[in-house]
Each structure stands twice: as structure tokens, then as C-alpha cells.
Amino acid sequence: MISYNTKDWFTFIFRFHKADTFRKLFPIMMAIGAYAAVLGYLEVEHWQMSESSYLKNITIMHGMLGFVISLLLVFRTNTAYDRWWEGRKMWGALVNNSRNLALKIAAMVHNEHDRLYFRKIIPAYAIILQKHLSNEEVANELFENIPEIEHHKHKPNQVAAMLFRKVNELYTEKKISGDQLIVLNAELQSFTDICGACERIKNTPIPYSYSAFIKKFIFFYVMTLPFGYAFSLGYYVAPVVVFIFYVLASLELIAEEIEDPFGTDENDLPMKKIAENIKKHVEELL
């Protein structure tokens, strides 16, 4: 995730980060600029179409459709940001629940061997979940003195099962009471709830037909702009059309990037950093 100063906005105008949409759209922007310039030349110089041509009135269609496309893009970006923010809330809840579990274990469990077990397993859940959501391989080194994770099975569930088994073992050995077991169970259950919510976001993308329609809408909207505006703008229609395309396509591109917040894009959630902070805090508490 990109860290930046929100108040230092002026430098954003002249800074082109590798995640900036301008870099990604530059080739197609050049192609659209050339297309608009050629079309403007044909209408004004070659065909010498007059101001009274009905083709000039095509701008009426753009005026009506501009409102529609703005509504679609607002809904698209809001939906994508809701998914990003919900993912951030889930990882914030994982931080709090990991701390709460560590605090309760520290107060209830006094055996150093048992505390060492939780000191390793609680942070391991966050690390495993991060790799599970980003489709990374899990290194066996994460689990020294802990049973090896079976890679063909659901990895976060295996770590959650280890935690449940250990807590139940503490209860059967009379190291914690039944009331303490109920208190710890609520924290353990929240881990799986968070994992399920993150998987729901990751595995349920925006419907294909909706995303494809917006892309087609933007494309045909931009490609028809030179037909009407070449009469009043002449060759300047090329940079104007390129700029309009840049604005519309950038909104769609940003929405695509943030709708899956668990990837490795520049604007995705810093899950690795959050998992490292969980490890640090749990080790401090236990």
C-alpha cells in the first residue's frame, strides 16, 4: 500500500507513480488521440462538411449519455471502495481479536510451555491468512515445533483447529475453567468469521456483465466524440478526447484495482505489515 502525505497534494500533479493510471493508459491514449486527429482531419479538411451537417448534432447524444455514464462510474467506484474498506475492517478486527486472545491467555494460562504455543500460533493465523488470500505458498519454517500444514487443505482452518484443540486441552487438563473456555471460544470463533468474510470479498467479484458493459460504454462513448466535436474544435478534438478518455477509463481502472483488496497491487491492503504487527504485539503480551 502506498504511504503518502494527504496534505501535500500539489506534488501529486507532477509525480507519476508506477501505480498511476496514466502509465497504464498511455498506449491506448495515444491510439485514441491519433484516431480523433485523423477523424477531425477527414471531417474538416477532406470531406469539408459544413456547420449545418446533421452529424454535428451527435453532441446531443453525448450530453444525454454523459449523465448516465457518470452515474454508472460513481456506483462502480463506490462499490469497489466498499469492498476495499470492508476488507480493511476485517483485518482491523483480526488485530483486535488477536490482541484480546493474547491478553486473556496471558491472564488465564500460567504454564510457560502453553504460553509459548499460543505465542507462535496466534500470529501464525494472520500470516497464513495473508498468504491464503494472496495465493502465496506457505513456508514450513513458519511452523517450527508445530505440526506441518497440509497444503492441499484449507490452511487457515487448520491453524484455527490447532487453537481450538489447544484450548480444549487446557480445559480437560483443568488449567482453565468452563467459564474461561466460553470466554476464549468467542475470540477463537471470530478468527474463522473474519476469514470467511475476506473469502467472500475475494471470491465474489463484480458481475461480469456489469463490468463489461461499463467498458464497452466508455469505449463507444469516447470513439463517437470526434464525430460531433470536430466541427467546433478542429484538430484540438484529439487532446480533448484523450483527456475525456483518461478521466473515464481511470475511474474504471481504479475500481478494478481496489475491488480485490487482498492482492499485490500498490493500492491493496498492507496485510503483510498488519500480520507482522500482530506478531510483534502478541509476543509482547505473552
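The structure we're discussing is the one just above.
Every value quoted in this text rests on a predicted model; they were computed, and no experiment measured them. (Residues numbered from 1 in each chain as written. Predicted model: local features only at pLDDT ≥ 70, side-chain atom pairs only at ≥ 80, totals over all residues. Heavy atoms only, no water.)

**Q** Just to check I follow, could you spell out the nonpolar core for this structure?
**A** The tendency in soluble globular proteins is for nonpolar side chains to be buried as a group. Trp 91, Leu 94, Phe 118, Ile 122, Tyr 125 and Phe 262 are the most contacted members of the largest nonpolar core, which has 45 residues in total. Listing elements by their share of this core, those giving two or more residues are α2 (59–108), α3 (112–133), α4 (155–172), α5 (178–203), α8 (237–258) and α9 (271–285). When residues in this core are grouped by element, the largest group, 10 residues, is from α2. Ignoring any residue separated from it by four or fewer positions in sequence, one finds Phe 262 in contact with Gly 87, Trp 91, Leu 133, Ser 134, Cys 198, Ile 201, Lys 202, Leu 269 and Met 271. Counting residues in hydrophobic clusters, the runner-up holds 21 residues, among them Leu 72, Tyr 221, Leu 225 and Val 237. (Core = buried A, V, L, I, M, F, W, Y, C linked by side-chain atoms within 4.5 Å. Buried < 20%, exposed > 50% of the residue type's maximum accessible area, 1.4 Å probe, protein only. Helix = DSSP H or I, 4+ residues; strand = E, 2+ residues; numbered from the N terminus. Contact = heavy atoms within 4.5 Å.)

**Q** Looking at this structure, how should I read the packing of α3 against α5?
**A** For any two helices packed against each other, the geometry comes down to the angle between their axes and how far apart the axes lie. Contact pair α3 / α5: the axes reach a minimum separation of 11 Å and the direction vectors enclose 15°. On the basis of the axis angle, α3 is roughly parallel to α5. Seen from above, α3 lies across α5 with right-handed handedness. Between α3 and α5, the contacting residues are Tyr 125, Leu 129, His 132 and Leu 133 on the first element and Phe 191, Thr 192, Cys 195, Cys 198, Glu 199 and Lys 202 on the second. For the contact of α3 with α5, the residue count by class is six nonpolar, two polar and two charged. (Axes fitted to C-alpha atoms, helices over the stretch in contact; angles between N-to-C directions. Parallel < 35°, antiparallel > 145°, perpendicular 65-115°, else oblique. Left-handed = near helix turned anticlockwise from the far one by under 90°. Nonpolar A, V, L, I, M, F, W, Y, C, P; charged D, E, K, R; others polar.)

**Q** Would you mind showing me how to read the pattern of salt bridges here?
**A** Should their charged atoms come close, side chains of opposite charge can pair. Per the stated rule, a full pass over the model turns up 13 salt bridges. Note that Lys 24 is salt-bridged to Glu 257, the shortest N-O span being 3.5 Å. With a gap of 233 residues between them, Lys 24 in helix α1 (residues 21–46) and Glu 257 in helix α8 connect regions that are remote in the sequence. The class for Lys 24 is partly exposed, based on a relative accessible area of 44%. Glu 257 gets classed as buried once you look at its relative accessible area, which sits at 9%. Of the charged contacts in the structure, one is a salt bridge between Lys 104 and Glu 187, with a shortest N-O distance of 2.7 Å. Pair noted here: Lys 104 is in helix α2 and Glu 187 is in helix α5, with a separation of 83 residues, a long-range link. Salt bridges sharing common partners tie together Arg 76, Lys 215, Glu 252, Glu 256 and Glu 259. (Salt bridge = Lys/Arg side-chain N within 4 Å of Asp/Glu carboxyl O.)

**Q** What's the story with α5 in this structure? I'm lost.
**A** One turn of an α-helix holds 3.6 residues; hence residues three or four places apart share an orientation. Between its first and last C-alpha, α5 extends 37 Å over 26 residues, near the 38 Å set by a 1.5 Å rise per residue. Along α5, the residues classified as buried are Leu 184, Glu 187, Leu 188, Ser 190, Phe 191, Ile 194, Cys 195, Ala 197, Cys 198, Glu 199 and Ile 201. At its buried positions, α5 is contacted by α2, α3 and α4. (Expected span 1.5 Å × (residues − 1).)

**Q** Even after reading the chapter, I still don't get the packing of helix α7 (residues 225–233) against α8, so can you show me in this structure?
**A** Following both chains from N to C, one finds α7 and α8 inclined at 135°, their axes separated by 9 Å at the closest point. Regarding the angle of α7 to α8, the classification is oblique. Regarding α7 and α8, the two cross each other, and that crossing is right-handed. Residues Leu 225, Pro 226, Tyr 229, Ala 230 and Leu 233 of α7 lie in contact with α8, whose contacting residues are Val 237, Val 240, Val 241 and Ile 244.

**Q** Would you mind going over α2 with me for this structure?
**A** In this model α2 runs 72 Å from its N-terminal to its C-terminal C-alpha over 50 residues, within 8% of the 74 Å that 1.5 Å per residue would give. Along α2, the sharpest kink reaches roughly 30°, centred on Leu 65. (Bend = angle between axes of the 7 residues up to and from the residue.)

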